[in-house]
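# Structural overview for review
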Amino acid sequence: MRVHAKRAGALLGGLVFPTWSMADWTMNMSPGVTGTSNDIFSLHMTILWICVVIGVVVFGVMFWSIFAHRKSQGHKPANFHENTLVEILWTIIPFVILVVMAIPATATLVDMYDTTEAEVDVKITGYQWKWQYEYVDQDFGYFSNLATPRDQIENRQDKGENYLLEVDNPLIIPVGKKVRFLLTANDVIHSWWVPAFGVKKDAIPGFINETWVRVDEPGVYRGQCTELCGKDHGFMPVVVEAVPEEEFNVWLAEQKAAAQKERELTQKDWTMDELMARGEKAYQTACAACHQPDGSGAPPAFPALKGSPIATGDVTAHIDIVVNGKAGTAMQAFGNQLSEVDLAAVITYERNAWGNNTGDMVTPKEILDYKNQQ
Amino acid sequence: MSAVADTHAQEHHHGPAKGISRWLLTTNHKDIGTMYLVFSFAMFLLGGTMAMVIRAELFQPGLQIVQPEFFNQMTTMHGLIMVFGAVMPAFVGLANWMLPLMIGAPDMALPRMNNWSFWLLPCAFLILVSTLFMEGGAPNFGWTFYAPLSTTYGPPSTTFFIFAVHIMGISSIMGAINVIATILNLRAPGMTLMKMPLFVWTWLITAFLLIAVMPVLAGVVTMMLMDINFGTSFFDASGGGDPVLFQHVFWFFGHPEVYIMILPAFGAVSHIIPAFSRKPLFGYASMVYAVGAIALLSFVVWAHHMFTVGIPIAGQLFFMYATMLIAVPTGVKVFNWVATMFRGSLTFEAPMLFAVAFVILFTIGGFSGLMLAIAPADFQYHDTYFVVAHFHYVLVPGAIFGIFASAYFWLPKWTGHMYDETLAKTHFWLSFVGMNLAFFPMHFLGLAGMPRRIPDYALQFADFNMISSIGAFMFGVTQLLFLLIVIKCVRGGKEAAAKPWDGAEGLEWTVPSPAPYHTFATPPEVK
Ligand code: HEM
Ligand SMILES: [Cu+2]
């Protein structure tokens, strides 16, 4: 029945509107892939059916009156206006139903709060507008940004299958292990949600929240930020890839090696062209959301960089604001978010792109020195 | 001084003053009630226009009409204007018009303050709406304005928003004091508390809620003001503050606030259903106790809006149980309305249509409320379109249909004419269909995983969003019909009898239609 409705919908949609053919007609929560999400799903279905039954009874009586007790049907009004027994009954019965409902709800909640005995710890930090994943104990982490191209969002290009639900670097976790998430945020409140896990928790500056998941099926699971966090709140998806444990270990080792290599790059001698090329890439992922791809900004909240006093003036001041941010504004401290190489590249880029032609080149070593001085 | 005394004397003997000063200086509860209602409808159209912008952007995936910055300003202003500009003033307008007529009082107890509390409102909203034209735009952090998004990261106009909220708060508190003073002091001889009409009861309780929580709202925005302009760190973690504190304080105001927006409608519907069922209200006493219970419970459930912020499990359980409990008195009210209709002699004029739709659709909103109360399930529902569906079901067919039902019910008393029943029924059916088309699919969207407050969405949400937008446009356009109906009714139409509805009860129907400028100069006797 559902399948037929879906097909008919897709067919109709395909004819009427091109985007519709991509869409589906999911109407209910999905049970998800974890114990928690299944427990939640069954609570959801139970309370839904309770509501449906109460609704059928109450609306049934009401529709019966609407149908049979109309003046136009010649119905004469009765004159009763209270009945203690009935009134007590319809106070007590709902109360009892609620008590019955509260029992499994309490059990599920207790289970959801049990973050003990985790085997892997991941620290998740919300930023405007991206997620940072750090493998606690492994001394390794990275950022996860929206990967959907701007052209798709602005309708210049067809939208891909995972439109707005795709990232450059997904969070990778091993299947079959209890993974604990430690959530916090760097600027405003965000909320990390993966529906298939039944996990949603706010990431709040100054707090560390805990939650956990154990995924048994390998796969890619998608979600979104669910707490309004500013302009690009709709554009910071969550993507989690659950992989078999061996694969996870291999991946982790590779990533750590790559990170090490990246650090070594700091010592390399960079040319202007190399820095500009790398800087443009870093700029587009880290800076363009606010300062715009062409450096024009969105004043007053997000100042333009094109021709700005900082990007064309004193180099140290420029390094300072990028590394340390500016308190009280949306300008974050990128010192710990980007590598020395990326910092150098992005600053070089900002000083030479869009007609800022200062000719200044900032090298990774200079950034390292600057950071060490602090 | 003598001039004041003069105009006063003149008013008493000759009815309203002429020209604009009638409205600027009036202390007459009917004039003030009318101004509140007109103001509220204007705000309803303005807030509605913003909703149309939101739904137009969400018609299809991708960014088409507005940019995310402006989208966020629209959702924020829509919420603020509807809550503080449309729903609350409409109920104060109904209170002004009807409370004195229902309790047999000549006017509100504090008529000059009454004038003040109205005229503060246009000032507040002028300030609020003007932020749209300021550098950096209007508030863009949602009607719940969570810190630090609204403090450290808020636009420069936030300070104006805070000022506007302060003014609205003062207006509401003054209005509430007036309602309480009127009800407690000016009832006709013989009208004991348990003989008061239910609209009077629900407003009395609402007024106490307002006095209890508006200062809390004022407090929280003042803390924001300090954080933004005077270097404090109430909500700034990097200065030792606590962003979660904001939410506790806000929702301590916010949850009672949602009942402030529904209790007066409960009252009005409790008049309308008996009138068109030609049968007394079932369970008057339990209705009163249920409203009292809801009001008390509403102070201890606030953290159900915060199940995902990480409160300790004991708190989580407490707020879950308390919230589930609130469904019991709410259920009692619904059962009583249905029992009132049962074995009545029903007719379905516009007020009754809106009232019956109120009961059905508000109950659906109550059901989703009950689902949201189950804390573990709320982890999935929270901040998705499921919540948006829930609160629109309790607020649109709840509060707003309650207001429409009241307006049609009492329009003959206000204007002396019957409204055009055919047009009114058309208004009802188009609103009913539009509203359900707009908001029912939002349940599905939320369950399928669409977060709220996003300007663009993944492709699997496309079809229900399109349906929802179509319903919203239909609902929006239909409201212009209401304007037409009211204008037509003010200007003419069939003369209304003192009691145009044969089943209606209450003192308001003992005075002629239209109600004279001054009524109950000598109090009636209630047996
Ligand atoms: C049976 C009674 C009700 C229950 C159990 C209930 C429960 C809830 C819960 C648990 C939430 C939080 C959902 C979340 O954010 O995850 C919520 C949200 C909300 N409810 Fe209700 N509710 C009830 C009736 C009402 C009524 C009568 C109104 C207003 C007339 C109302 C207005 C709202 C609003 C405005 C929100 C959303 C606020 C926001 O986040 O913007 N609710 N309700
Ligand atoms: Cu609430």
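Scroll up a little and you will see the structure.
Everything numeric in this text was worked out from a predicted model, so none of it was measured.

## Structural notes on the coordination of the copper ion (ligand 2)
Coordination of the copper ion (ligand 2) by the protein is provided by His 255 of chain B (ND1), His 304 of chain B (NE2) and His 305 of chain B (NE2), with metal-donor distances spanning 1.8 to 2.1 Å. Here the donor residues for the copper ion (ligand 2) map to a single chain with the spacing H-x48-H-H.

## A word on the environment of Gly 492 of chain B
Residue position: Gly 492 of chain B is located in the segment after α16 (462–491). Residues contacting Gly 492 of chain B, with those up to four places away along its chain left out, are His 417 and Met 418 of chain B.

## Notes on the packing of helix α3 (residues 29–57) of chain B against α16 of chain B
Residues and elements named next belong to chain B. Where α3 contacts α16, the two axes come as close as 10 Å, and the packing angle between them is 160 degrees. By the criterion of interaxial angle, the relationship of α3 to α16 is roughly antiparallel. Crossing of α3 against α16: the hand is left-handed. On the side of α3, the interface is formed by Phe 41, Phe 44, Leu 45, Met 52, Arg 55 and Ala 56, while α16 contributes Asn 465, Ser 468, Ser 469, Ala 472, Phe 473, Phe 475, Gly 476, Gln 479, Leu 480, Phe 482 and Leu 483. Taken together, the residues of the contact of α3 with α16 break down into 11 nonpolar, 5 polar and 1 charged.

## Notes on the sheet that holds strand β7 (residues 199–203) of chain A
All names here are of chain A. Strand order in the open sheet formed by 5 strands is β4-β10-β9-β6-β7, and the pairing between neighbours is mixed. Looking at strand neighbours, the two that pair on one side only are β4 (171–174) and β7, the edges of this open sheet. Adjacent strand axes in the sheet meet at a mean angle of 25 degrees, parallel and antiparallel pairs treated alike. The pairing of β4 with strand β10 (residues 237–243) spans 4 bridges and is parallel. Residue pairing in the sheet places Leu 171 in a bridge with Val 240 of β10. Sheet contacts for helix α5 (residues 245–264): β4 and β10; angle to β4, the most-contacted strand, approximately 135 degrees.

## Brief notes about a negative patch on the surface
Residues and elements named next belong to chain A. Together, Asp 39, Asp 111, Asp 114 and Glu 117 make up a region of like negative charge exposed at the surface. Tracing the backbone shows Asp 39 in helix α2 (residues 35–68). A relative accessible area of 32% means that Asp 39 is categorised as partly exposed.

## Here we look at unusual backbone geometry
The amide bond that connects Gln 128 of chain A to the next residue, Trp 129 of chain A, takes the cis arrangement and shows omega of 0 degrees. Note on placement: Trp 129 of chain A falls in the loop between β1 (120–127) and β2 (130–135). Note that the residue after Ser 513 of chain B, namely Pro 514 of chain B, is joined by a cis bond; omega there is -10 degrees. Here Pro 514 of chain B is to be found in the segment after α16. At Asn 155 of chain A, a position not held by glycine, the phi torsion is positive, near 65 degrees. Position of Asn 155 of chain A among the secondary structure elements: in the loop between α4 (150–153) and β4. A positive phi is found at Arg 453 of chain B, a non-glycine position, where the angle reads about 60 degrees.

## Brief notes about the site of ligand 1
All names here are of chain B. Taken together, 24 residues lie near ligand 1, and Trp 143, Asp 378, His 382, His 390 and Arg 452 sit nearest. At 2.9 Å, a side-chain N or O of Trp 143 approaches an oxygen atom of ligand 1. Those elements that provide at least two residues to the shell around ligand 1 are α8 (243–260), α11 (313–341), α12 (350–373) and α14 (385–415). Split into classes, the residues belonging to the shell around ligand 1 amount to 14 nonpolar, 8 polar and 2 charged.

## Digging into the packing of aromatic side chains
Residues and elements named next belong to chain A. Summed over all chains, the structure comprises 73 aromatic pairs over all chains. Both rings, one in Trp 64 and one in Phe 67, keep their centres 6.3 Å apart while their planes meet at 40 degrees; by these two values the pair is tilted. Of this pair, Trp 64 and Phe 67 are both found in helix α2, 3 residues apart, which corresponds to roughly one turn of the helix. Taking relative accessible area as the criterion, Trp 64 reaches 48% and is therefore assigned partly exposed. In this structure Phe 67 comes out as exposed when scored by relative accessible area, which is 53%.

Rules and cut-offs
Residues numbered from 1 in each chain as written. Chains lettered and ligands numbered in written order. Predicted model: local features only at pLDDT ≥ 70, side-chain atom pairs only at ≥ 80, totals over all residues. Heavy atoms only, no water. Donors = N, O, S within 2.8 Å, 3.2 Å for Na, K, Ca; no water. Helix = DSSP H or I, 4+ residues; strand = E, 2+ residues; numbered from the N terminus. Contact = heavy atoms within 4.5 Å. Axes fitted to C-alpha atoms, helices over the stretch in contact; angles between N-to-C directions. Parallel < 35°, antiparallel > 145°, perpendicular 65-115°, else oblique. Left-handed = near helix turned anticlockwise from the far one by under 90°. Nonpolar A, V, L, I, M, F, W, Y, C, P; charged D, E, K, R; others polar. Pairing = 2+ DSSP bridges. Patch = residues over 30% accessible without salt bridge, like charges linked within 9 Å, V, L, I, M, F, W, Y side chains within 5 Å. Areas by Shrake-Rupley, 256 points an atom, 1.4 Å probe, with all protein chains shown as cover. Salt bridge = Lys/Arg side-chain N within 4 Å of Asp/Glu carboxyl O. Lys, Arg positive; Asp, Glu negative; His and termini not counted. Charge placed at Lys NZ, Arg CZ, Asp CG, Glu CD. Buried < 20%, exposed > 50% of the residue type's maximum accessible area, 1.4 Å probe, protein only. Near = heavy atom within 4 Å. Polar contact = N/O pair within 3.5 Å; in protein donor to acceptor, adjacent residues only side chain to side chain. Phe/Tyr/Trp six-rings, centres within 6.5 Å; stacked < 30°, edge-to-face > 60°.

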